[in-house]
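Observations on the model geometry
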Amino acid sequence: MAQENSAFSPGPEEPPRRRGRQRYVEKDGKCNVQQGNVRETYRYLTDIFTTLVDLQWRLSLLFFVLAYALTWLFFGAIWWLIAYGRGDLEHLEDTTWTPCVNNLNGFVAAFLFSIETETTIGYGHRVITDQCPEGIALLLLQAILGSMVNAFMVGCMFVKISQPNKRAATLVFSSHAVVSLRDGRLCLMFRVGDLRSSHIVEASIRAKLIRSRQTLEGEFIPLHQTDLSVGFDTGDDRLFLVSPLVISHEIDAASPFWEASRRALERDDFEIVVILEGMVEATGMTCQARSSYLVDEVLWGHRFMSVLSLEDGFYEVDYASFHETFEVPTPSCSARELAEAAARLDAHLYWSIPSRLDEKVEEEGAGEGPGWGNGGDKEKNGRLPPPESESKV
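By the naming in an unreviewed UniProt entry, the chain is G protein-activated inward rectifier potassium channel 3, taken from Vombatus ursinus. Under Subcellular location (unreviewed entry), UniProt gives the following word-for-word description of the chain: "Membrane". According to the UniProt record, the Sequence similarities (unreviewed entry) comment for the chain reads "Belongs to the inward rectifier-type potassium channel (TC 1.A.2.1) family. KCNJ9 subfamily."

Okay, structure coming up:
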């Protein structure tokens, strides 16, 4: 019985696997945030233009068609009501009767006349007469409102077509970030590039560290944002993005990775969001490209492969190696420990050089003779023996 129980007893529990962090920003730049329980929906209508531009293409096209179709139907119905109220439909065969609109014999004719009026086609078969003041007023009103509908809808479609977020598709970020030494200091680096020959004007780069933190009062902040310096103080964040550039964040005392070693970094849970902004040279519109790096996308002890080569009269960029890295010797300690070790080494060299000079002076003094070394020619009051020229005199 015991054997049967042991056979059916569950085995040793597996250690819990570390769940992958939910991205705040996807690799393609889309923000992984959805707005829920928005009760004040009227706010979207106060900015109807932006709402229409932000709609999906199928909804935008549907709204575009409905805007024109409903306008034509609305004014077509009014033209038919005017003809019906004046009795024009009852005197279609009466040649002595002057209608409001010639050759308007039903609702379909009124609908076609509405389209001709709003689109200024004017085929000439249906024409308004001067004996219909209400028709003249309606003609002016439809012409004005039709122009407004045209301006609004064409503007929405133009802005939607020329949105600069499509330009961001040709701005690429490296698939991984790396940590290695630069000029003796640990740096976190990633690479950016532009696939088009038309450049991004006044390009600038930013980086944000996103991870959870708890305040001293016990408040939990799930997505706390911290700036990562990528050269704002020195102007290195403003880029001349003609060829791929490696953006570097120096891990110094102001960096949140100051005390993070390789092992601590691998156990941490964070996301680095990088943002590239600039103006499109062809249109002058502001463009923004985004990407992010999780913990397992940060390679410690790696460096990016070179993608730039000098050819005959020009520089060539090999984007086949844009994402490739290679390993380099890099200490596994934190940047703080590395700086303390360098400070101890500098202090040791500072104090060892004077001591060695003193030893050299003592050795030279011992070689002058027994009198100098034993102090035989030294006077009792502590004075040194006179120079050789004075003793001869």
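After that view of the structure, there is still more to cover.
In this structure the tally under the stated criterion is 9 aromatic pairs. With 5.6 Å between their ring centres and 35° between their planes, tyrosine 319 and phenylalanine 322 make a pair best called tilted. Judged by relative accessible area, which is 27%, tyrosine 319 ranks as partly exposed. The exposure class assigned to phenylalanine 322 is buried, which follows from its relative accessible area of 1%. Among the aromatic residues, those joined into a cluster by ring pairs are Phe64, Tyr68 and Trp72. We note lysine 160 situated over the ring of tryptophan 57; from NZ or CZ to the ring centre the distance is 5.3 Å.

A few words now on the layout of surface pockets. Its boundaries defined by the atoms lining it, the largest pocket holds a volume of some 720 Å³. When contributions to the lining of the largest pocket are tallied by element, the ones reaching two or more residues are α3 (48–54), β1 (171–173) and β9 (286–294). Broken down by class, the residue content of the lining of the largest pocket amounts to 12 nonpolar, 9 polar and 8 charged. Counting contributing residues per domain, the lining of the largest pocket is built from domain 1 (41–162) and domain 2 (167–337), each supplying no fewer than three. Of the voids in this model, the second largest pocket is the one considered here, and its volume is about 520 Å³. Put simply, the parts of the chain that give the lining of the second largest pocket at least two residues each are β3 (185–194), β6 (238–239) and β7 (245–250). Looking at the lining of the second largest pocket element by element, the count peaks at 6 residues for β7. Within the lining of the second largest pocket, the residues separate by chemical class into 11 nonpolar, 6 polar and 9 charged.

Moving on: empty space enclosed by the protein. Taken as a whole and assessed by the stated rule, the structure comprises 2 cavities of 30 Å³ or more. Empty space within the largest cavity amounts to approximately 50 Å³. For the largest cavity, the full set of lining residues is Leu52, Ser60, Phe63, Met153, Cys156, Met157 and Lys160. Elements with a minimum of two residues in the lining of the largest cavity: α4 (57–86) and α6 (133–161). For the lining of the largest cavity, the leading source of residues is α6, giving 4 residues. For the lining of the largest cavity, the class distribution of residues is 5 nonpolar, 1 polar and 1 charged. By volume, the second largest cavity amounts to about 40 Å³.

Cut-offs and rules
Residues numbered from 1 in each chain as written. Predicted model: local features only at pLDDT ≥ 70, side-chain atom pairs only at ≥ 80, totals over all residues. Heavy atoms only, no water. UniProt positions renumbered as here; feature names shortened; annotations may be inferred. Phe/Tyr/Trp six-rings, centres within 6.5 Å; stacked < 30°, edge-to-face > 60°. Buried < 20%, exposed > 50% of the residue type's maximum accessible area, 1.4 Å probe, protein only. Lys NZ or Arg CZ within 6 Å of the ring centre and 35° of its normal. 1 Å grid on protein atoms, 1.4 Å probe; cavity = no way out; pocket = protein on both sides within 12 Å on 5 of 7 lines; lining within 4 Å. Points joined across faces, edges and corners; volume = space filled by probe spheres on them. Helix = DSSP H or I, 4+ residues; strand = E, 2+ residues; numbered from the N terminus. Nonpolar A, V, L, I, M, F, W, Y, C, P; charged D, E, K, R; others polar. Domains from an automatic or database assignment.

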